[in-house]
Amino acid sequence: MSFDAFLRRIPPPKSISEPADNWDSIFAQLGTLLPSDYRRFIETYGTGYLAGFYIVANPFSSNRFVNLLQRMEQIRKSQAGSPFFPDAGYKFYPDDGGLIPFMLDDNGNDYFWHTIGAPDSWSVVQCEHRGSGFTEYAMSTTEYLLQIFDKKIPALASDFPLPEDEVFAALT
């Protein structure tokens, strides 16, 4: 399983910032379950910086820029009336097959799940807003991240990642 490989590679923090609380409440608000490797990630790592570059959105975060539900609303509002998503062939959740943002990076890029099928089969869609646009990868969240670290998928930052970037730092 990709989460176990991820866990072996990236040690979790000694103290979890904003740990998971009540997934059922989140699922009820969203109207869907979320991928199991993502749930395990939040339960194990909490809120923080991955590789000093990525922030995985946490639905239990008090930070509105990191909270998964608030991030969804921010992106939905910012894209209202914009042709950006439809022109690329994507819709925004809760539309069938819509995108849910689960991660952002320091360069302003967003990473989404393409909600087609069961949550554990959702693809990862990276969006380079000021560059190539959308690219879809048929793999789980943690598999996608491992592919970035293995340089099998190009990161949306030059010369990244380096071996010393393979860390997670809790946000306090």
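The structure reproduced in this document is the subject of the present report. (Residues numbered from 1 in each chain as written. Predicted model: local features only at pLDDT ≥ 70, side-chain atom pairs only at ≥ 80, totals over all residues. Heavy atoms only, no water.)

### Observations regarding the packing of aromatic side chains
Enumeration over the complete set of coordinates arrives at 18 aromatic pairs. Seen in terms of ring centroids, Trp23 and Phe60 are 4.9 Å apart; in terms of plane orientation they differ by 80°. Their pairing is edge-to-face. Placement of the pair is Trp23 in helix H2 (residues 23-30) and Phe60 in the loop between strand E2 (54-56) and helix H4 (68-79), with a sequence separation of 37 residues. Both residues of the pair, Trp23 and Phe60, count as buried. Summarising the aromatic geometry, the rings of Tyr90 and Phe134 are spaced 5.0 Å apart at their centres and angled 45° between planes, so their arrangement reads as tilted. Here Tyr90, found in the loop between helix H5 (84-87) and strand E3 (99-105), pairs with Phe134, found in strand E6 (residues 133-137); they are 44 residues apart in sequence, far enough to count as distant. As far as the burial class goes, Tyr90 and Phe134 line up, both buried. Here the aromatic residues Trp23, Phe27, Tyr38, Phe60, Phe102, Trp113 and Trp122 are joined through ring pairs into a cluster of three or more. (Phe/Tyr/Trp six-rings, centres within 6.5 Å; stacked < 30°, edge-to-face > 60°. Helix = DSSP H or I, 4+ residues; strand = E, 2+ residues; numbered from the N terminus. Buried < 20%, exposed > 50% of the residue type's maximum accessible area, 1.4 Å probe, protein only.)

### Considering helix H3 (residues 36-45)
For H3, the complete set of buried residues consists of Ser36, Asp37, Tyr38, Phe41, Ile42 and Tyr45. Within two residues after H3, Gly46 carries a phi angle of roughly 70°, on the positive side.

### Notes on the pattern of salt bridges
For the coordinates displayed, the defined rule picks out five salt bridges. Across the salt bridge formed by Arg9 and Glu166, the nearest N and O atoms sit 2.9 Å from each other. Here the residue Arg9 occupies a position in helix H1 (residues 2-9), and Glu166 occupies one in the loop between helix H6 (141-149) and strand E7 (168-170), the gap between them amounting to 157 residues. Judged by relative accessible area, Glu166 falls into the buried class, the value being 18%. As a salt-bridge pair, Glu73 and Arg76 come within 3.3 Å of each other at their nearest N and O atoms. Taken together, the residues span about one helical turn, with Glu73 and Arg76 both in helix H4 at a distance of three residues. (Salt bridge = Lys/Arg side-chain N within 4 Å of Asp/Glu carboxyl O.)

### Thoughts on the nonpolar core
Among the nonpolar cores identified, the biggest contains 42 residues, and Phe6, Leu34, Leu50, Tyr54 and Tyr144 are the most heavily contacted of them. Of all the elements in the fold, those that place two or more residues in this core are H1, H2, H3, E2, H4, E3, strand E4 (110-114) and H6. By residue number, the principal contributor to this core is H6, which donates five residues. With residues up to four places along the chain from it excluded, the contact list for Tyr54 reads Gly48, Tyr49, Met103, Leu104, Asp105, Tyr111, Ile148, Ala155 and Phe160. In this structure, Tyr90, Leu99, Phe112 and Phe134 belong to the second largest nonpolar core, which totals eight residues. (Core = buried A, V, L, I, M, F, W, Y, C linked by side-chain atoms within 4.5 Å. Contact = heavy atoms within 4.5 Å.)

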